[in-house]
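# Examination of the molecular architecture
Okay, here's what each chain looks like letter by letter:
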Amino acid sequence: MAVGENIQKYRNLKEISKEELALKARIGTQTLKSYESNERIPELDTLLKISTVLDIPASELMEDDETQVMDEELQELVNQVGVKRTKLLLRKALDFSEEEVLKAMNLLYDLKNEKK
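These lines cover the structure that appears in this document, whether it is placed above or below. (Residues numbered from 1 in each chain as written. Predicted model: local features only at pLDDT ≥ 70, side-chain atom pairs only at ≥ 80, totals over all residues. Heavy atoms only, no water.)

## Structural notes on a nonpolar patch on the surface
A cluster of nonpolar side chains, namely Met-105, Leu-107, Leu-108 and Leu-111, defines an oily patch on the protein surface of about 400 Å² accessible area. Within the element layout of this structure, Leu-107 appears in helix α9 (residues 98–115). (Patch = residues over 30% accessible without salt bridge, like charges linked within 9 Å, V, L, I, M, F, W, Y side chains within 5 Å. Areas by Shrake-Rupley, 256 points an atom, 1.4 Å probe, with all protein chains shown as cover. Salt bridge = Lys/Arg side-chain N within 4 Å of Asp/Glu carboxyl O. Helix = DSSP H or I, 4+ residues; strand = E, 2+ residues; numbered from the N terminus.)

In structure tokens, the structure reads:
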């Protein structure tokens, strides 16, 4: 969801009208409408005001559902490897550059082939 959709979603969950949210956040009703329809993107200070009125972290308003969805291939790999091993591998991968990870993978591949 885009920021505007998130604002609208949380406003509706809190059962607050557009007029009430606009008044409490000290923004115009038309401005709020333009945010909720994704015609405009609120500045950070405005986003903070809105999140305060809605009593949620500003990060909730900025979250995009699409970024939270794992693609099918990645989900399948996690299922095959297991969540515990996947977390371990990903945590360790953070310590290395992409080049170093590729070298390590080649080394593991070579070791596996030597055993055969």
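## Remarks on the packing of helix α2 (residues 18–25) against helix α3 (residues 29–36)
Running from amino to carboxyl end, α2 crosses α3 at an angle of 110°, the nearest separation of the two axes being 9 Å. Judged by the angle between their axes, α2 and α3 are roughly perpendicular. The two elements α2 and α3 meet at a crossing, and its hand is right-handed. Residues Lys-18, Glu-19, Leu-21 and Ala-22 of α2 form the contact with α3, whose own contacting residues are Thr-29, Leu-32, Lys-33 and Glu-36. Grouping the constituent residues of the contact of α2 with α3 by class yields three nonpolar, one polar and four charged. (Axes fitted to C-alpha atoms, helices over the stretch in contact; angles between N-to-C directions. Parallel < 35°, antiparallel > 145°, perpendicular 65-115°, else oblique. Left-handed = near helix turned anticlockwise from the far one by under 90°. Contact = heavy atoms within 4.5 Å. Nonpolar A, V, L, I, M, F, W, Y, C, P; charged D, E, K, R; others polar.)

## Here's the deal with the side chain of Glu-36
Within the element layout of this structure, Glu-36 appears in helix α3. Relative accessible area serves as the criterion here: at 6%, Glu-36 is assigned to the buried category. A distance of 2.6 Å separates a polar atom in the side chain of Glu-36 from a polar atom in the side chain of Arg-11. The residues contacting Glu-36, other than those within four sequence positions of it, are Gly-4, Glu-5, Ile-7, Gln-8, Arg-11 and Lys-18. (Buried < 20%, exposed > 50% of the residue type's maximum accessible area, 1.4 Å probe, protein only. Polar contact = N/O pair within 3.5 Å; in protein donor to acceptor, adjacent residues only side chain to side chain.)

## A few points about helix α4 (residues 44–54)
For α4, the complete set of buried residues consists of Thr-46, Leu-47, Ile-50, Ser-51 and Leu-54. On an axial view of α4, the arc spanned by its buried residues comes to 135°, and they lie on one face. On its buried face, α4 is in contact with α1 (3–13), α2, α3 and α5 (58–62). (Arc of directions from axis to C-beta.)

## Quick notes on the pattern of salt bridges
All told, the structure shown has four salt bridges when counted by the stated rule. For Arg-11, the salt bridge identified is with Glu-36, shortest N-O distance 2.6 Å. Of this pair, Arg-11 sits in helix α1 while Glu-36 sits in helix α3; the two residues are 25 residues apart in sequence, bridging distant segments of the chain. Taking the shortest distance from any N to any O, the salt bridge between Glu-20 and Lys-24 comes out at 3.1 Å. Taken together, the positions of Glu-20 and Lys-24, both in helix α2 and four residues apart, correspond to about one turn of that helix. A residue is classified by how much of its surface remains accessible, and Glu-20, at 31% relative accessible area, is partly exposed.

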